[in-house]
Amino acid sequence: MKSWSPYALLVVLAIALDQWIKQLVENGLAFQEKVDLLPFLALFRTYNTGIAFSMFSSFGDTGLVAIAALVVAFVLYLAVRTPPGHVLARIGFALIVGGALGNLIDRAVYGHVIDYILFHTPVWSFAVFNFADAFISVGAALVVFDELIGWRRETRSQDPGN
């Protein structure tokens, strides 16, 4: 796949799905009231004024928008430099960009990111997150996985026993 069209479409779909779900959450879920779906999974609308785990919230909206834009630009730079055969990495980069832009839209429009997914137990809970965050995490995992596959192929091709 030499064309960037499928990856651009994936970015657009990730942003659209993220923003659509966030609108449903904003319009239909009470603020900071847990709605249990499973014993370990709940919906819980809250706002993140920082980046990951509310870090850097002291940077303000403009600073956080600038940081997010720089990260997106860097990921796009890496994606463009990725060979066409590295489809998993390119999908991963598209998911990272889509998720980052989804959260960037929130930050630019609302001054915070809308989070709503909560994994928990009776005595522990994970940070509340959203689909954009999940896209970023899955995308990063795909990029790392693609790199490991490439490293393994390279190691085998250099092995004198092959």
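For the structure itself, look to the data block above.
Each chain has its residues counted from 1, following the order in which its sequence is written. This being a predicted model, a pLDDT of at least 70 is required before a residue's local features are given, and a value of 80 or more before pairs of side-chain atoms are given or counted; all residues contribute to the totals for chains, interfaces and linings. Hydrogens and water molecules were not included; the side-chain quantities draw on all heavy atoms of the structure.

So, about the packing of aromatic side chains. Each aromatic pair joins two rings of Phe, Tyr and Trp (for Trp, the six-membered one) with centres within 6.5 Å, and gets the label stacked for planes under 30 degrees apart, edge-to-face for over 60, and tilted for any other angle. In total, this model carries 9 aromatic pairs according to the counting rule given. Pairing Phe-40 with Phe-119 gives two aromatic rings, centres 6.4 Å apart and planes at 5 degrees, and the pair type is stacked. Note that Phe-40 is positioned in the loop between β1 (35-38) and β2 (41-48) and Phe-119 in strand β3 (residues 113-119), a separation of 79 residues in sequence. What makes Phe-119 partly exposed here is its relative accessible area of 33%. Measuring from centroid to centroid gives 6.3 Å for Trp-124 and Phe-126, while their planes differ by 45 degrees, and the two rings are tilted. Trp-124 sits in the partly exposed class, given a relative accessible area of 47%. By way of ring pairs, the aromatic residues Phe-40, Phe-119, Trp-124, Phe-126 and Phe-129 are connected into one cluster. The ring of Trp-4 has Arg-90 lying over it, and the distance from NZ or CZ to the ring centre is 3.9 Å. By definition, any uninterrupted DSSP run of H or I lasting at least four residues is a helix, any uninterrupted run of E lasting at least two residues is a strand, and each is numbered from the N terminus. Only protein chains enter the accessibility calculation, which uses a 1.4 Å probe. A residue is then buried if its area is under 20% of the maximum for its type, exposed if over 50%, and partly exposed in between. A positively charged side chain is recorded as over a ring if its NZ (Lys) or CZ (Arg) lies within 6 Å of the ring centre. The angle to the ring normal must also be within 35 degrees.

Within this document, salt bridges are pairs made up of a side-chain nitrogen of Lys or Arg and a carboxyl oxygen of Asp or Glu, the two lying within 4 Å of each other. Scanning the entire structure with this criterion turns up 4 salt bridges. Where Asp-18 meets Lys-22, a salt bridge forms, and the shortest distance between an N and an O atom there is 2.9 Å. Here the residue Asp-18 and the residue Lys-22 both occupy positions in helix α1 (residues 5-28), the gap between them amounting to 4 residues, near one helical turn. Summarising the burial analysis for this pair, Asp-18 and Lys-22 share the class buried. As a salt-bridge pair, Glu-26 and Arg-45 come within 3.0 Å of each other at their nearest N and O atoms. One end of the pair, Glu-26, is in helix α1; the other, Arg-45, is in strand β2, with 19 residues separating them in the sequence. By relative accessible area, Arg-45 is classed as buried at 10%. Where salt bridges share partners, they join Asp-18, Lys-22 and Asp-106 into one cluster.

Quick look at the nonpolar core now. Of all hydrophobic cores here, the largest spans 13 residues; its most connected members are Val-11, Val-75, Phe-93, Ile-96 and Val-97. Among the secondary structure elements, those contributing two or more residues to this core are α1, α2 (60-80) and α3 (87-110). Sorting elements by how many residues they give to this core places α3 first, with 6 residues. Excluding residues that lie within four positions of it along the chain, Val-97 makes contacts with Val-11, Val-72, Val-75 and Leu-76. Counting 8 residues, the second largest nonpolar core, distinct from the first, contains Leu-29, Leu-41, Ile-114 and Ile-117. For the purposes of this section, nonpolar cores are sets of buried Ala, Val, Leu, Ile, Met, Phe, Trp, Tyr and Cys residues that join through side-chain atoms within 4.5 Å. Residue contacts are counted whenever heavy atoms from the two residues lie within 4.5 Å of one another.

What follows covers the sheet that holds β3. Either a parallel or an antiparallel arrangement is found when strands of a sheet pair, and the pairing is made through backbone hydrogen bonds. At least two bridges found by DSSP between two strands are what make those strands a pair. Across the sheet, 3 strands lie side by side as β1-β2-β3; this open sheet has antiparallel pairing. Lying at the two open borders of the sheet, with one neighbouring strand each, are β1 and β3. If you compare each strand with its neighbour and ignore which way they point, the axes differ by 35 degrees on average. Alignment of β2 against β3, held across 6 bridges, turns out to be antiparallel. Across the sheet, the residue bridging to Ala-42 is Leu-118, located in β3. Note on geometry: axes are C-alpha line fits, over the in-contact stretch for helices, and angles between N-to-C directions span 0 to 180 degrees. Sheet strands in contact with α1 are β2 and β3, and its direction is about 85 degrees off that of β3.

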